[in-house]
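Letter by letter, the chains look like this.
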Amino acid sequence: MTEPYVILIGLEVHVQLLTRSKLFCGCSTRFGAPPNTQTCPVCIGMPGSLPVINRQAVQLALRTAVALNCTIPRSTKWDRKQYFYPDLPKGYQISQYDLPLSHCGWLEISDPKGAFASKRVGITRAHLEEDAGKSMHDEAVGRADSRIDLNRAGTPLLEIVSEPDLRSPAEAKCYLTELKLLLGYLGVSDCNMQEGSLRVDANINLHVGTADGPVPTPIVEVKNMNSFRAVERALSYEAERQWRLWQELGVRLGEPGGHKTTRGWDEGRQATYEQRAKEESSDYRYFPDPDLLPVVLPEETVESVRASLGELPAALRARLETGYGITPYDADVLVNQGRALVDYYLAVADACGDGKTACNWIQQGVLRWLNDRQTTIDAYPVPATEFAALLKAVLAGELTTSRGREVLAEMIDHGETVEQAMKRLGIERVDEAELETLCRRLLEANPKIVAQVQAGKEKAVGSLIGQAKKHNPNADPGRVKDICLKLIAGM
Ligand code: ZN
Ligand code: MN
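Please read all numbers here as calculations on a predicted model, not as lab measurements.

A. Structural detail: the overall build of the chain. The helix and strand tally for the chain stands at 15 helices and 16 strands. Contacts spanning at least 24 positions in sequence make up 67% of the contacts within the chain whose residues lie at least 6 apart. When the accessible surface of the chain is totalled, it reaches about 24400 Å², and 51% of it is carbon and sulfur. Of the charged side chains in the chain, 57 are positive and 65 negative, and the gap between their average positions amounts to 3 Å.

This is the structure we're talking about:
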């Protein structure tokens, strides 16, 4: 090994699926309702109540699993995961243990700026489970108490576990970004981290190079990170901390198979802190849930889900790069905005016939506008057909780039068409033939300049541009120059 150590990171992501009702009862999953108003005997665990599977949750989970290239077994079952915590009224969570909905998939990640080579990150499994409630400590003003809101108890979650294939905090962040993008395109989750719709736990350890070969350090699980940037920083911190410990203790640090420890991320201190020894899976005393039947997923069901996935981000980026001639970086920028923006881009690019110009103009004229207003493409006032009409005028040389920008600003401000905006600005379309006649007249009137250009002083043509502007204020300086030089060359 040339480096002192290699970092191994595996991520466990919980995403809340976009169902209207909970996983095993009819209660609403809406966020933000007053505490404990979206509960029933099933999700608060009253004795004798029976769970009923939400088909839509299974469907959304299946969609995601297929998009993550997972193997889908013919049948999948439900298990009870026992643990005791105030926000878990039943005393167990309904989850999936040894027969998960899916396993053995992968997600390809690549860095648009090329910081690392693209790679496939293995997906160990993706399974369905119910969420627990929410504990709130000392939240009421002037009180020191704990309260529990069970609105979230029973909400469907998909737990997506990756292999420890990620080799740096930056790769981990990239994986999360790509996964979130995919989930958005699939329409299975809103992935809102602030509302807890997407939660990340990270497992990290080092393989340290020694004379006897690589030696793994004990695995640490990091929790409580509330943004992808926080995940990246927590993992950088943790890798450095483990490396310092190794340098101090070496193999005395502990066996890699020994107890996994859990550490929290303290955003204020920008450091991880010890939480508790991680439970082994035997501590959870899993057993099959006797109240629920296994879910059978026939081949036809899986295939119909596969056929309904639509174009996913990776395929879309590839199509934009090869079909529209834009860079991987630009394709990434567009695809990250979501399908609606990409559709707008495709409509403009197809209509104006120039993918690169459409990409530049949309980044400058649309994305900036949307970003300033924190809004989405459906709020953009210029329809794709008019945007394309503007670009056609620019591409045909009827408008300079800067004049085009002015026209676009008018179109946005007044909801006008290209024609109306040009009229408002007093811009007339300059006919190419008209412009050539004008140039020809100017050259005839200025034989000295023609002679200078013929003698190799191309710059001399500059004084004709000013004269052309006097005759027609809408004449494009670049076009005037090109036409004059072409005419002189032909003399
Ligand atoms: Zn309920
Ligand atoms: Mn879980």
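Next comes the rest of the account.
B. Geometry of the sheet that holds strand β3 (residues 79-82). Within the open sheet, the 3 strands sit side by side as β4-β3-β15. Their pairing is antiparallel. Because the sheet does not close on itself, it has two edges, and the strands there are β4 (92-95) and β15 (287-288).

C. Structural view of the coordination of the manganese ion (ligand 2). Every protein donor of the manganese ion (ligand 2) is accounted for by His 14 (NE2), Glu 129 (OE) and Glu 159 (OE), and the metal-donor separations fall at 2.0 to 2.2 Å. In primary sequence terms, the donor set of the manganese ion (ligand 2) follows H-x114-E-x29-E. Here Glu 159 lies in strand β9 (residues 156-162) and His 14 lies in strand β1 (residues 5-16), a separation of 145 residues in the sequence. Judged on exposure class, the residue His 14 and its partner Glu 159 are both buried.

D. Quick peek at the packing of helix α8 (residues 355-373) against helix α9 (residues 384-395). As a packed pair, α8 and α9 sit with axes 11 Å apart at the nearest point and diverge in direction by 120°. With respect to their mutual orientation, α8 and α9 come out oblique. In the packing of α8 onto α9, the handedness of the crossing is right-handed. The residues of α9 that touch α8, namely those facing Thr 357, Ala 358, Trp 361, Ile 362 and Val 366, are Phe 387, Leu 390, Leu 391, Val 394 and Leu 395.

E. Representation of the coordination of the zinc ion (ligand 1) in the model. Bound to the zinc ion (ligand 1) are the protein donor atoms Cys 25 (SG), Cys 27 (SG), Cys 40 (SG) and Cys 43 (SG), situated 2.3 to 2.4 Å from the metal. Seen from the zinc ion (ligand 1), its 4 donor atoms lie at angles of 99 to 116°, and the figure they make is tetrahedral. As a motif over one chain, the donors of the zinc ion (ligand 1) read C-x1-C-x12-C-x2-C. In terms of burial, Cys 40 and Cys 43 fall into one category: buried.

F. Quick peek at helix α15 (residues 477-489). Between its first and last C-alpha atoms α15 spans 18 Å; for 13 residues at 1.5 Å apiece the expected length is 18 Å, and the two agree. Listed in full, the buried residues belonging to α15 are Val 480, Ile 483, Cys 484, Leu 485, Leu 487 and Ile 488. Where α15 is buried, its residues meet α12 (432-445), α13 (447-454) and α14 (462-471).

G. Empty space enclosed by the protein, seen in detail. Using the criterion set out here, one finds 2 cavities of 30 Å³ or more in the structure. When its volume is computed, the largest cavity comes out at roughly 50 Å³. Together, Cys 43, Leu 88, Pro 89, Lys 90, Tyr 92, Glu 130, Asp 131, Ala 132, Ala 153 and Gly 154 line the largest cavity. A per-class count over the lining of the largest cavity returns 6 nonpolar, 1 polar and 3 charged. Quantified by volume, the second largest cavity comes out at close to 30 Å³. Around the second largest cavity sit Lys 22, Phe 24, Cys 25, Val 42, Cys 43, Lys 90, Glu 130 and Gly 154, which together line it.

H. Inspection of the pairing of strand β10 (residues 198-208) at higher detail. Of all 11 residues in β10, 9 are buried; the element is thus mostly enclosed. Bridge count for β1 against β10 is 11 bridges, and the pairing is antiparallel. Across the sheet, Gly 10 pairs through a bridge with Asn 203, a residue of β10. With 2 bridges joining them, β10 and strand β11 (residues 215-216) adopt antiparallel strand pairing. The partner of Val 208 across the bridge, within β11, is Val 215.

I. Structural context of the pattern of salt bridges. Scanning all chains against the criterion turns up 27 salt bridges. One salt bridge in this structure joins Glu 311 and Arg 319, with 2.8 Å as the shortest N-O distance. Residue class for Arg 319 comes out partly exposed when judged on its relative accessible area of 33%. Among the ionic pairs, Glu 416 bridges to Arg 424, the shortest N-O distance being 2.8 Å.

J. Quick look at the packing of aromatic side chains. The final tally for this structure, using the stated rule, is 11 aromatic pairs. The interplanar angle of 65° and the centroid separation of 6.3 Å between the aromatic rings of Tyr 237 and Trp 265 together place this pair among those described as edge-to-face. Remark: Trp 265 occurs in strand β13 (residues 261-266) and Tyr 237 occurs in helix α3 (residues 228-249); sequence separation between them is 28 residues. Taking relative accessible area as the criterion, Trp 265 reaches 5% and is therefore assigned buried. Ring pairing ties together the aromatic residues Tyr 83, Tyr 97, Tyr 284 and Tyr 286, which thus form one cluster. Its guanidinium or amino end placed over the ring of Tyr 92, Lys 90 lies 5.4 Å from that ring's centre, counting from NZ or CZ.

K. Layout of the domain arrangement of the chain. Assigned domains of the chain: these are domain 1 (5-300), domain 2 (310-425) and domain 3 (432-489). If you average the C-alpha positions of domain 1 and of domain 2, the two centres end up 38 Å apart. Each partner contributes to the interface: domain 1 provides 8 residues, whereas domain 2 provides 12 residues. Contact between domain 1 and domain 2 buries roughly 850 Å² in total, counting both sides, with carbon and sulfur atoms accounting for 68%. Taken as a group, Pro 112, Leu 181 and Tyr 185 account for 64% of the area that domain 1 buries against domain 2, more than any other trio of residues on that side. Counting across the interface, domain 1 meets domain 2 through 1 salt bridge. Among the salt bridges present, the one from Glu 178 reaches Arg 317, with a minimum N-O distance of 2.8 Å. Inspection of the domain 1/domain 2 interface yields 3 residue pairs in polar contact (both at pLDDT 80 or more). The biggest single contributor to the side of domain 1 that touches domain 2 is helix α2 (residues 169-186), with 5 residues.

L. Region of the structure containing the nonpolar core. Leu 11, Ile 160, Tyr 175 and Val 200 are the most contacted members of the largest nonpolar core, which has 74 residues in total. For Tyr 175, the residues in contact, after removing those within four places along its chain, are Leu 11, Leu 107, Ile 109, Val 121, Ile 123, Ile 160, Ser 162 and Leu 166.

Reading the values: rules and limits
- Residues numbered from 1 in each chain as written.
- Chains lettered and ligands numbered in written order.
- Predicted model: local features only at pLDDT ≥ 70, side-chain atom pairs only at ≥ 80, totals over all residues.
- Heavy atoms only, no water.
- Helix = DSSP H or I, 4+ residues; strand = E, 2+ residues; numbered from the N terminus.
- Contact = heavy atoms within 4.5 Å.
- Areas by Shrake-Rupley, 256 points an atom, 1.4 Å probe, with all protein chains shown as cover.
- Lys, Arg positive; Asp, Glu negative; His and termini not counted.
- Charge placed at Lys NZ, Arg CZ, Asp CG, Glu CD.
- Pairing = 2+ DSSP bridges.
- Donors = N, O, S within 2.8 Å, 3.2 Å for Na, K, Ca; no water.
- Buried < 20%, exposed > 50% of the residue type's maximum accessible area, 1.4 Å probe, protein only.
- Axes fitted to C-alpha atoms, helices over the stretch in contact; angles between N-to-C directions.
- Parallel < 35°, antiparallel > 145°, perpendicular 65-115°, else oblique.
- Left-handed = near helix turned anticlockwise from the far one by under 90°.
- Tetrahedral: all angles 85-135°; square planar, octahedral: opposite > 155°, others 65-115°.
- Expected span 1.5 Å × (residues − 1).
- 1 Å grid on protein atoms, 1.4 Å probe; cavity = no way out; pocket = protein on both sides within 12 Å on 5 of 7 lines; lining within 4 Å.
- Points joined across faces, edges and corners; volume = space filled by probe spheres on them.
- Nonpolar A, V, L, I, M, F, W, Y, C, P; charged D, E, K, R; others polar.
- Salt bridge = Lys/Arg side-chain N within 4 Å of Asp/Glu carboxyl O.
- Phe/Tyr/Trp six-rings, centres within 6.5 Å; stacked < 30°, edge-to-face > 60°.
- Lys NZ or Arg CZ within 6 Å of the ring centre and 35° of its normal.
- Domains from an automatic or database assignment.
- Buried area = accessible area lost by both parts, 1.4 Å probe.
- Polar contact = N/O pair within 3.5 Å; in protein donor to acceptor, adjacent residues only side chain to side chain.
- Core = buried A, V, L, I, M, F, W, Y, C linked by side-chain atoms within 4.5 Å.

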